[in-house]
Every structure is written in structure tokens, then in C-alpha cells.
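Chain residues, written in single-letter form:
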Amino acid sequence: MFLEATSAISLQGSNLGLLLNSASANSFSTPSSCNLSLLSRSSSFSSLALSRKRDNGFTGYALSETNSMPLTGVVFQPFEEVKKDDYIVPIVPQVSLARQRFSEESEAAINEQINVEYNVSYVYHSMYAYFDRDNIALKGLAKFFKDSSEEERDHAQKLMEYQNIRGGRVKLHSILNPPAEFEHVEKGDALYAMELALSLEKLTNEKLLNLHSVADSNNDPQMTYFIETEFLQEQVEAIKKVADYVTQLRMVGKGHGVWHFNQMLLHEGDGAL
Ligand SMILES: [Fe+2]
Ligand SMILES: [Fe+2]
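Residues numbered from 1 in each chain as written. Chains lettered and ligands numbered in written order. Predicted model: local features only at pLDDT ≥ 70, side-chain atom pairs only at ≥ 80, totals over all residues.

For the protein chain, an unreviewed UniProt entry supplies the name Ferritin and the organism Olea europaea subsp. europaea. Under the UniProt heading Sequence similarities (unreviewed entry), the entry covering the protein chain gives this text: "Belongs to the ferritin family." Its UniProt record gives the protein chain the following Subunit (unreviewed entry) comment, quoted word for word: "Oligomer of 24 subunits. There are two types of subunits: L (light) chain and H (heavy) chain. The major chain can be light or heavy, depending on the species and tissue type. The functional molecule forms a roughly spherical shell with a diameter of 12 nm and contains a central cavity into which the insoluble mineral iron core is deposited." (UniProt positions renumbered as here; feature names shortened; annotations may be inferred.)

If you want it as C-alpha cells, here you go:
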């Protein structure tokens, strides 16, 4: 006799068990009185008895437990445990219902990171306005910094959404006014702006790592995972990209070389930091 178990589900502490449907008994005839006992490796079930022949298959039943205590030592008693203070649903309207194991320090650190992202976004927006002027007219650089500004704002938005998911409260801080002029006598404007962007991306990375440390020290693995997956990877890639641009701008010098670099950015597609 062949017997294919299609599913076997063990529910600790329950008498429900089973469900094992025999499949291919096809060309084999099986005695109607057949009993099959399977000794389970788990302590949950001591035996499985097959009974009741049905056409060319069987229906099996888990019959008995020898030991209802789980092997892991983890006992789940929901209706007792849920009475603890930690699980009481707040009734005060000003208090988040969803908040759980989310520290005030983490909440404050997220608000500070939102402010970092907005500040960087504001600087890039100012760079966009500068390079878009008719007497500067470097449209590729203007586009690059406009896209980068929006990208940083998106980062702030992502942090705001996360703050709300965790039951924190978003508090926006003030943003400093950025410089309006980016001309530099020796470097020229494009290299000067790109070096500033590289410094800002490295600073942002430092702040993100600090945010990660806060989450870690507050034993918040979900928050560290969020920062790692949504921010840290992208941030090191942004640093590499802008470092490449600084190197290239140092190669081409000022004037005509910058115009070529600008054309490359104009046609490159999405190159935001
Ligand atoms: Fe960012
Ligand atoms: Fe960035």
C-alpha cells in the first residue's frame, strides 16, 4: 500500500490533529480492516489510526495525545496573558492604540531625522533654483538637484509614515535657510555644489547610523530593520554616485567641460541622490 500524506498539522494541546488524506492507493487493493499506527516524533500524538476505507483511499485520524505539554516550554494562555497592562486598549483619544514597545527616544530620533531630510531637501532645492537661472543655464544640474530635493522630501515622508505606523507623533522642526549662491572662484559652481552635496550625503548617513543606534539601544529590531532596508543601502549608493560626480567634475575643470557634464546629467534619467 502506498500512502501519500498531503498535510499533517500538529496543534499543540489540542485533540484536533490531523488530516491526512491518502492519495494513491490506485491499483492496490487494501484490506478494509487495515489499521496503521504511526508513532509520532513529537510528543503531541502517540498514534495515528487509519480506518474507514473510502473508494480507493483512506481517511486518517489522530486519535490521542500522550503529553499535552509543549516541548519548547512556551505556554500560550491568551485569555490570561491578555489581561496584563501591556495589552489594555487605551480609551483616551489622544493616545495611540497601536503603539507597542516604541520608545520615546526612538520617536524623538525619527523626528530629528525628518528634519535632517527636509534640510538637505531645502539645500538641493536652492541649488536647483541657482542652476536654472538664465545666466547660469545648466539644465542638467538643475534637474539633478530638483530630483534630489524631491528624493529627500520622500525620505522625510517615509519617516513620517513610519512614525505613524509605530504610534509616534510627528513633530516638524524648523528648517534653516540654505545659501542662494554657489559660485566658487577656484572650483566653479558645479564642483562646489557637488562637493557640498557629497558632504551632505555623508552627514545624512551619519545621522541615519545614529538613528539606527537609538533603535538598537532601545531593543527595537523592527525599527533597525526598517532603517537598514529603507535607508542605509540607498544612502551608501548615493554617496558613491556623488563621489563619482565630484571626481568627474575635477577632471573636466570649469567652462566647456562642465557643459558636457551637464548634458550627461540632462540625458541620464533618474539620477537623484
Ligand atoms: Fe535622504
Ligand atoms: Fe540623499
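Next comes the rest of the write-up.
With respect to the environment of Gly-188
Position of Gly-188 among the secondary structure elements: in the loop between helix H3 (139–165) and helix H4 (189–217). Counting along the chain gives 61 residues from Gly-188 to Leu-249, while the straight-line C-alpha distance between them is 9.7 Å. Excluding residues that lie within four positions of it along the chain, Gly-188 makes contacts with Lys-254 and Val-258. (Helix = DSSP H or I, 4+ residues; strand = E, 2+ residues; numbered from the N terminus. Contact = placed C-beta atoms within 7 Å.)

Some points on the nonpolar core
Soluble globular proteins tend to bury their nonpolar side chains together. The biggest cluster of nonpolar side chains holds 26 residues, and the ones touching the most others in it are Met-127, Phe-131, Leu-141, Phe-145, Ala-190 and Met-194. Contributing elements (two or more residues each) for this core: helix H2 (104–131), H3, H4, helix H5 (221–252) and helix H6 (256–267). Here this core gets seven residues from one element, more than from any other, and that element is H2. Leave out the neighbours within four places in its chain, and Phe-131 touches Ile-136, Leu-138, Leu-141, Ala-142 and Phe-145. Of all hydrophobic cores here, the second largest spans 14 residues; its members include Ile-110, Leu-208, Ala-215 and Met-223. (Core = buried A, V, L, I, M, F, W, Y, C linked by C-beta atoms within 7 Å. Buried ≥ 20, exposed ≤ 12 C-beta atoms within 10 Å, placed from the backbone.)

With respect to the UniProt feature "binding site: Fe cation" (unreviewed entry) in the protein chain
When the UniProt feature table is mapped onto this chain numbering, "binding site: Fe cation" (unreviewed entry) sits at Glu-117, Glu-152, His-155, Glu-201 and Gln-235. Across 119 residues of sequence, these annotated residues stay compact in space, with a maximum C-alpha separation of 12.6 Å. In this fold, Glu-117 is placed in helix H2. With near-sequence residues (within four places) excluded, Glu-117 lies in contact with Glu-152, His-155, Ala-156 and Leu-159. By the secondary structure assignment, Glu-201 is in helix H4.

Remarks on the packing of H5 against H6
At a minimum axis separation of 8 Å, H5 and H6 run at an interaxial angle of 145°. Residues Gln-248, Leu-249 and Val-252 of H5 lie in contact with H6, whose contacting residues are Gly-257, Val-258, His-260 and Phe-261. Split by residue class, the contact of H5 with H6 holds four nonpolar, three polar and no charged. (Axes fitted to C-alpha atoms, helices over the stretch in contact; angles between N-to-C directions. Nonpolar A, V, L, I, M, F, W, Y, C, P; charged D, E, K, R; others polar.)

Some words on the packing of H3 against H6
The geometry of H3 relative to H6 is characterised by a closest axis approach of 7 Å and an angle of 50° between their N-to-C directions. Put simply, H3 runs oblique to H6. Note on packing geometry: the crossing formed by H3 with H6 is left-handed. Touching Lys-139, Gly-140, Leu-141, Lys-143 and Phe-144 of H3 are Asn-262, Gln-263, Met-264, Leu-265 and Leu-266, all from H6. By residue class, the composition of the contact of H3 with H6 is five nonpolar, three polar and two charged. (Parallel < 35°, antiparallel > 145°, perpendicular 65-115°, else oblique. Left-handed = near helix turned anticlockwise from the far one by under 90°.)

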